[in-house]
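Per-entry structural report
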Amino acid sequence: MKDKPYILIVDDDPDILEGILMILETQPYHLATARDGKQCMVMINEEVPDVLILDLLMPRMDGWGVIREMRSNPRFARVPIMILSTVIEDASHRRYELETGMAMDIQGYVQKPAKPGDLLQRIEKILGKQAV
């Protein structure tokens with residue numbers, strides 16, 4: 001693993017991005033942001049993140065589309081994804097399963113608004129699993 005884990009945060013709400021950045025900047029992470037799924041995929045093709053924090057409801061390409069695209073590409077299939085969304089977790093899983101016929105392969109789920117301690121703890125848990 002690199003010195004600083006690379007975390008890509010994808011959300012179309014600039015206030016959410018700013019809030020998440022303020023929380024994560026307290027840690028030794030390399031951070032980047034994208035405003036929608038299309039921009040996310042361009043950035044992932046340039047540099048594969050150690051963790052992807054992903055909103056579900058976005059313009060151009062939603063979070064479900066990002067998950068489908070990443071999980072179907074061997075280069076990105078193992079990238080840990082943590083959902084950060086206002087959508088209730090059960091509804092998110094059901095929608096994905098209905099659209100794809102597969103279970104939604106994610107490593108974490110946090111409903112907005114995220115509590116800073118909870119968000120940091122979940123990211124550390126994901127990064128810890130990666131190091132094993």
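Above this text is the structure in question.
Here is a short report on the structure shown in this document. All values derive from a computational prediction rather than experimental measurement.

Quick look at the pattern of salt bridges now. The full count for this structure, using the stated rule, is eight salt bridges. Residue D105 pairs with R71 through a salt bridge whose shortest N-O separation is 3.3 Å. Residue D105 is located in the loop between α4 (89–100) and β5 (108–111), and its partner R71 is located in helix α3 (residues 63–71); the two are separated by 34 residues in the primary sequence. For R71, a relative accessible area of 18% corresponds to the buried category. By sharing partners, the salt bridges in this structure join D62, R68, R95 and E99 into a single network.

Right, let's talk about the side chain of S92 for a bit. Among the structural elements, S92 can be located in helix α4. A residue is classified by how much of its surface remains accessible, and S92, at 0% relative accessible area, is buried. If we ignore the near neighbours within four places in the chain, the residues touching S92 are L56, W64, V87, M104 and Y109.

Conventions and cut-offs
Residues numbered from 1 in each chain as written. Predicted model: local features only at pLDDT ≥ 70, side-chain atom pairs only at ≥ 80, totals over all residues. Heavy atoms only, no water. Salt bridge = Lys/Arg side-chain N within 4 Å of Asp/Glu carboxyl O. Helix = DSSP H or I, 4+ residues; strand = E, 2+ residues; numbered from the N terminus. Buried < 20%, exposed > 50% of the residue type's maximum accessible area, 1.4 Å probe, protein only. Contact = heavy atoms within 4.5 Å.

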